[in-house]
Amino acid sequence: MPVSAAAPQPDYLTRLNPEQREAVEALDGPLLVLAGAGTGKTRVLTTRFAHLIMTQRAFPGQVLSVTFTNKAAREMRERVAAIIQRPVEGLWLGTFHALCARMLRRHAELVGLTSAFTILDTDDQMRLLKQVMDAAGIDAKRWPAPGLMAQVQRWKDRGITPARVTPAEDTDYAGGRARALYAAYQERLKDLNCADFGDLMLHMVEILRDHPEVLADWHRRFRYILVDEYQDTNLVQYLWLRLLAQGHRNICCVGDDDQSIYSWRGAEIENILRFEKDFPNAKVVRLESNYRSTRPILAAASGLIAHNSGRLGKTLRAGRNDADGEKVRVVALWDSEEEARMVGERIEAAQRSGHPLAEIAILVRAGFQTRAFEERLITLGVPYRVVGGLKFYERAEIRDAMAYLRVLAQPSDDLAFERIVNTPKRGLGDTALRKMHEIARAERIPLALAAGKLVQGGGLAGKARMALSELLHGFARWREQLGREGHVVTAATLLDESGYTEMWKQDKSPEAPGRLENLKEFVRALGEFESLNGFLEHVALVMENDENSQGDRLSLMTLHAAKGLEFDMVFLPGWEEGLFPHSRAMEEGGEKGLEEERRLAYVGLTRARKQAIVSCAANRRMYGNWSSSIPSRFLDELPIEHIQREGSAGMARNRVVDMPSVFTGASGLTARKPRSIESAAWEVQARPARSSALRVGDRVFHQKFGYGRVTGVEENRVDVAFEKSDPKRVLDSFLELVS
DNA sequence: CTTGCGTATCTTTTT
DNA sequence: GATACGCAAG
């Protein structure tokens, strides 16, 4: 029931299509918005927020808006600000973790922390867990720490505290000691006044569950809840939302079950499938008008995803007037190198006809695939960026600098102290550290304090003692300076006086200058925050990688990283059984794993606005050796009328003899699955055979020498003037004609 | 504490 | 094939 039915229509509403509008205007009660790819889900979310404010249903501070990534949160914040045209301070808009951290700081004492608790990153978590396992006398070889870490995280994802672990769930690891180790780890976190990422959610759920008065308080505050990417929520996030939504039942979740691709990190697609059961009388709105892609791309993606069972069901319709377009190309190639070449050539061609590189992307299943393309792009001189490489905050120098600041802000931060005590090298190795630990454990004091006692007690050799003493005095001095001159100047002083910058200046490796640059950037970033603590909180939660994103560059990334993005032209290489769908995914996840892979393919296809080029190679170098593979079953699942199959010239001309049966249509022994091989076996569209193909003036490509132009032909020997190499006479069969 | 060698492993990744 | 890690020697 539209609230403002009688009133003149606000123009932010008139810009919506009917289904979007329905989703925006259904303000009361639970609402699930099933938003297919490219159907304007962010628009619905932000407009709904604005509508809540405009209709005076709530003040901005009474709406809780949850996203998964900081990027999504930022985007939403900006768009909300643009619509409501007033400052957006005091908003409860952020990631699950950021919001939980904010809430937890108010109730930390209820779980044995103080409001100044530190948020640990994965590295710290692992080290802490190793210490706990060590103390418990676990044989680290028989029971590797990452295994337990994963188990602990899975428990936390499901909202399971040590007390809630059932004996049945505690048999796999270290002979049934996982639960005890988990408990010890949690104790240790509490001692250190730390929380890991999982704890942020876990603690808040525990608090809301056990303290009705606290819960009631939050109910009073949040009248409306908006959730983005609901299909990616894990159980503990679901519990948190359900607890908070109990108050007013005004929860609106937006998501797409067909784009659930994160089960391996705890996301439960069941959350979205179950929504109507969880929230009785829930309204469901489907957004099916796609404004992004052409009709053939939508048809191909829809045909593919239709092979999944257990969907809520949606059909994407082309919503654009200009939705006609080229069919999806499916290109079969001889090997991964040829695949890289094919992609490179098409990119060059697109570039020549004026397409910006920023509108082109190569989306791969696994990280290692990027390398072949990178090499190719470098030879061609095409600028590119790899999305999702090492992030700024993950770099060693940034983590070290962070650790210094953490010790400065919180001397009891043992993990940070341990990280920097011997970085740069101060001659404080295992022995010195062990002694500090002994004192710390005996007296139940932080490492830094124990270090002070160790210096005074004289239980350390002269040189090591001097070094440690100097470091501790340094911290006393910097802490004093922090109060006087502020965090930015102090950080710079600290990094210099501790010898940390000097360490990188001495370093002769090629990365060292870049690292020093990063440190400068780090200090600069520090200036954007009012206080040291504000900065630390930010960095602990936010992980951004802004560099080399400028300029017109091609994007190279994994399918996972591509979710939420869109490009005019998308290359989807490596559609081969074993790689995509990935064999591991199927081994571990069975049919469900396969369906998630299929969703990943769906995500990939729906990134494309105008053109999608899918490819597979018959041979691929994996782990050093060549292995042959058969085309992905997903290729068979693309509706034939919306795709166009192509073979490569290289294959047709020279290599028919070596071609695996599947490529020629003969029945093959290579097929592992009992499925129709015929459909996968298309004929390679051979170009007209040209025995002595090349002519003077042809542009050709040579694997080793790159591009060139034919200057002379003598039977099967060809003279070529190469662009990046000296002129040579080479055999015809090593050349490829480039159109 | 650092260095070198042998061995095991090789999907996806945010907070 | 490359890297990362653990272990033993220097």
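Under the annotation held in an unreviewed UniProt entry, chain A carries the name DNA 3'-5' helicase and is attributed to Paracraurococcus ruber. Entered under Sequence similarities (unreviewed entry) in the UniProt record, the comment concerning chain A runs "Belongs to the helicase family. UvrD subfamily."

(A) Here's a closer look at the packing of aromatic side chains. All chains considered together, the criterion is met by 15 aromatic pairs. Their ring planes at 75 degrees and their centres at 5.4 Å tell us that tryptophan 92 and phenylalanine 222 sit as a pair that is edge-to-face. Placement of tryptophan 92 in strand β3 (residues 92-95) and of phenylalanine 222 in the loop between α10 (212-221) and β6 (224-227) is noted, with a sequence separation of 130 residues between them. For phenylalanine 222, a relative accessible area of 1% corresponds to the buried category.

(B) Seen up close, the sheet that holds β3. Ordered in space as β3-β2-β6-β7-β1-β8, the six strands form an open sheet in which the pairing is parallel. Edge positions in the sheet fall to β3 and β8 (283-287), since each of these pairs with one other strand and no more. For this sheet the average axis-to-axis angle between neighbouring strands, irrespective of direction, equals 15 degrees. Two strands pair when backbone bridges link them, and strand β1 (residues 31-35) and β8 are joined in this way by five bridges, in the parallel orientation.

(C) Region of the structure containing the protein's contact with DNA strand B. Around DNA strand B sit 28 residues, and of these Asn70, Gly367, Lys425, Gly429 and Thr558 come closest. Of all DNA strand B atoms lying within 4 Å of any protein atom, the proportion belonging to sugar or phosphate reaches 57%. In this structure, lysine 425 approaches DNA strand B through a side-chain N or O atom, which is 3.4 Å from a phosphate oxygen. Taking arginine 584, its side chain carries an N or O atom lying 2.6 Å from a phosphate oxygen of DNA strand B. Considering every element that reaches the surface near DNA strand B, the biggest residue donor is helix α27 (residues 583-605), with four residues.

(D) Representation of the nonpolar core. Counting 46 residues, the largest nonpolar core has Leu64, Leu208, Tyr230, Trp240 and Leu241 as its most contacted members. Tallying contributions element by element places helix α11 (residues 235-245) first for this core, with eight residues. Leave out the neighbours within four places in its chain, and tryptophan 240 touches Leu64, Val66, Phe96, Leu99, Cys100, Met103, Met201, Met204, Val205 and Leu208. Residues Met436, Trp478, Ala491 and Val523 belong to the second largest nonpolar core, which totals 45 residues.

(E) Representation of the pattern of salt bridges in the model. Scanning the model with the defined rule gives 50 salt bridges in all. With a closest N to O distance of 2.8 Å, arginine 209 and glutamate 206 form a salt bridge. One end of the pair is arginine 209 and the other is glutamate 206, both in helix α9 (residues 197-210) and three residues apart, which spans about a single turn. Using a relative accessible area of 33% as the deciding quantity, one classes arginine 209 as partly exposed. Glutamate 206 gets classed as buried once you look at its relative accessible area, which sits at 15%.

(F) Focus on the packing of helix α5 (residues 96-107) against α9. Between α5 and α9, whose axes approach to 9 Å, the crossing angle comes to 55 degrees. Of the possible angle classes, the one that applies to α5 and α9 is oblique. Considering the relative orientation of α5 and α9, their crossing is left-handed. Together, Phe96, His97, Cys100, Ala101, Met103, Leu104 and His107 of α5 and Phe197, Asp199, Leu200, Met201, His203, Met204 and Ile207 of α9 make up the contact between the two elements. Split into classes, the residues belonging to the contact of α5 with α9 amount to ten nonpolar, three polar and one charged.

(G) Structural context of the protein's contact with DNA strand C. In the vicinity of DNA strand C, the contacting residues are Lys141, Tyr623 and Gly624. Sugar plus phosphate, as a fraction of atoms of DNA strand C within 4 Å of the protein: 36%.

(H) Region of the structure containing the environment of alanine 448. As for its position among the elements, alanine 448 is in helix α20 (residues 447-457). The exposure class assigned to alanine 448 is buried, which follows from its relative accessible area of 16%. Residues alanine 448 and aspartate 414 lie 34 residues apart in sequence; the distance between their C-alpha atoms is 7.1 Å. When sequence neighbours within four positions are dropped, the list of residues in contact with alanine 448 reads Pro411, Phe417 and Leu472.

Criteria and thresholds
Residues numbered from 1 in each chain as written. Chains lettered and ligands numbered in written order. Predicted model: local features only at pLDDT ≥ 70, side-chain atom pairs only at ≥ 80, totals over all residues. Heavy atoms only, no water. UniProt positions renumbered as here; feature names shortened; annotations may be inferred. Phe/Tyr/Trp six-rings, centres within 6.5 Å; stacked < 30°, edge-to-face > 60°. Helix = DSSP H or I, 4+ residues; strand = E, 2+ residues; numbered from the N terminus. Buried < 20%, exposed > 50% of the residue type's maximum accessible area, 1.4 Å probe, protein only. Pairing = 2+ DSSP bridges. Axes fitted to C-alpha atoms, helices over the stretch in contact; angles between N-to-C directions. Near = heavy atom within 4 Å. Polar contact = N/O pair within 3.5 Å; in protein donor to acceptor, adjacent residues only side chain to side chain. Core = buried A, V, L, I, M, F, W, Y, C linked by side-chain atoms within 4.5 Å. Contact = heavy atoms within 4.5 Å. Salt bridge = Lys/Arg side-chain N within 4 Å of Asp/Glu carboxyl O. Parallel < 35°, antiparallel > 145°, perpendicular 65-115°, else oblique. Left-handed = near helix turned anticlockwise from the far one by under 90°. Nonpolar A, V, L, I, M, F, W, Y, C, P; charged D, E, K, R; others polar.

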